[in-house]
Amino acid sequence: MRHHKRLNLFLNRFKTYCSVAPKPGNLYFAYSYESTTQDGWAYNVINAADWVPQTPFSVQMLDDLPEVSPGPLMEGLIKKQPFFKRIILNMVYNSVRNPSRKVVKRYQKLLGKEMAKKIKTYLPDYKAPDYYNSSNYVRTGTSIVLYPKPGYGQKFPNEGKDMMLHHSFPPYLYLLNQE
């Protein structure tokens, strides 16, 4: 009986409401999260004028695709080509593959390693994590998108330097009341 009660503790489900959430992980994280929270257990409320839900910046690389996908198949086909054809095909293939790899490397340097140095000045015991070699972030859960209607721009104009204007509570409450 006691074991049964303990098991029930782990079967409790909590409904999740996120508002203005950034993209939390890659596609496989989203698959796992959405599989666990499907059937109305997770919602993400978004103001279409808010920039925060579009972060972190996403770059999908061929390496982000599953093992069975065009990337590895192309690499295998290229290896089987005659020498000069292989050189040209590799140049074309690399022109598609390399730019996104460079961007991810730059993000890891600037937003990862450089930011970790700054954090370490405030938290000396901080140890930066190993960075996953991807920047393919996606939104998760059921999105409830609040589109600004006429009048929103007058109430919340884009003329100031307040980059968090559309990310704050008043615009979200205003849009919710318009629904």
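What counts, and at which threshold
Residues numbered from 1 in each chain as written. Predicted model: local features only at pLDDT ≥ 70, side-chain atom pairs only at ≥ 80, totals over all residues. Heavy atoms only, no water. Domains from an automatic or database assignment. Buried area = accessible area lost by both parts, 1.4 Å probe. Salt bridge = Lys/Arg side-chain N within 4 Å of Asp/Glu carboxyl O. Polar contact = N/O pair within 3.5 Å; in protein donor to acceptor, adjacent residues only side chain to side chain. Nonpolar A, V, L, I, M, F, W, Y, C, P; charged D, E, K, R; others polar. Pairing = 2+ DSSP bridges. Helix = DSSP H or I, 4+ residues; strand = E, 2+ residues; numbered from the N terminus. Axes fitted to C-alpha atoms, helices over the stretch in contact; angles between N-to-C directions. Contact = heavy atoms within 4.5 Å. Buried < 20%, exposed > 50% of the residue type's maximum accessible area, 1.4 Å probe, protein only.

### Some details on the domain arrangement of the chain
- Domain annotation for the chain reports domain 1 (16-58 + 137-178) and domain 2 (60-135).
- On a C-alpha basis, the centroid separation for the pair domain 1 and domain 2 is 28 Å.
- Regarding the contact of domain 1 and domain 2, the summed buried area is about 440 Å², with carbon and sulfur atoms giving 48% of it.
- The three residues of domain 1 that bury the most area against domain 2 are Tyr 28, Phe 57 and Tyr 137, which together make up 68% of that side's buried surface.
- Where domain 1 packs against domain 2, one counts 0 salt bridges.
- Our enumeration of links across domain 1 and domain 2 arrives at 2 residue pairs in polar contact (both at pLDDT 80 or more).
- Per-class residue counts for the side of domain 1 that touches domain 2 are 3 nonpolar, 2 polar and no charged.

### Quick notes on the sheet that holds strand β3 (residues 142-146)
- Across the sheet, 3 strands lie side by side as β1-β2-β3; this open sheet has parallel pairing. Each edge of the open sheet is held by one strand with a lone partner, namely β1 (16-19) and β3. Neighbouring strand axes in the sheet, compared pairwise and without regard to direction, differ in orientation by 20° on average.
- Bridge analysis of strand β2 (residues 42-47) against β3 gives 5 bridges, and the strand direction is parallel. Each residue of the ladder has a partner; that of Asn 47, found in β3, is Leu 146.
- Strands in contact with helix α6 (residues 169-178) are β2 and β3; relative to β2, the strand with the most contacts, it is inclined by about 105°.

### Brief notes about the pairing of β2
- Counted residue by residue, β2 has 5 buried out of 6 residues, so it is predominantly covered.
- Taken together, the 4 bridges between β1 and β2 define a ladder with parallel strand orientation. Across the sheet, Tyr 17 pairs through a bridge with Tyr 43, a residue of β2.

### Points about the pattern of salt bridges
- Enumeration according to the criterion identifies 3 salt bridges in this entry.
- The closest approach of N and O atoms between Glu 75 and Arg 97, which form a salt bridge, is 3.6 Å. With Glu 75 in helix α3 (residues 70-79) and Arg 97 in helix α4 (residues 83-122), this residue pair connects regions lying 22 residues apart in the sequence.
- Residue classification places Glu 75 among the partly exposed positions, given a relative accessible area of 30%.
- Measuring nitrogen to oxygen at the nearest pair gives 3.4 Å for the salt bridge that ties Glu 114 to Lys 117. Taken as a pair, Glu 114 and Lys 117 lie in helix α4 at a separation of 3 residues, close to a single helical turn.

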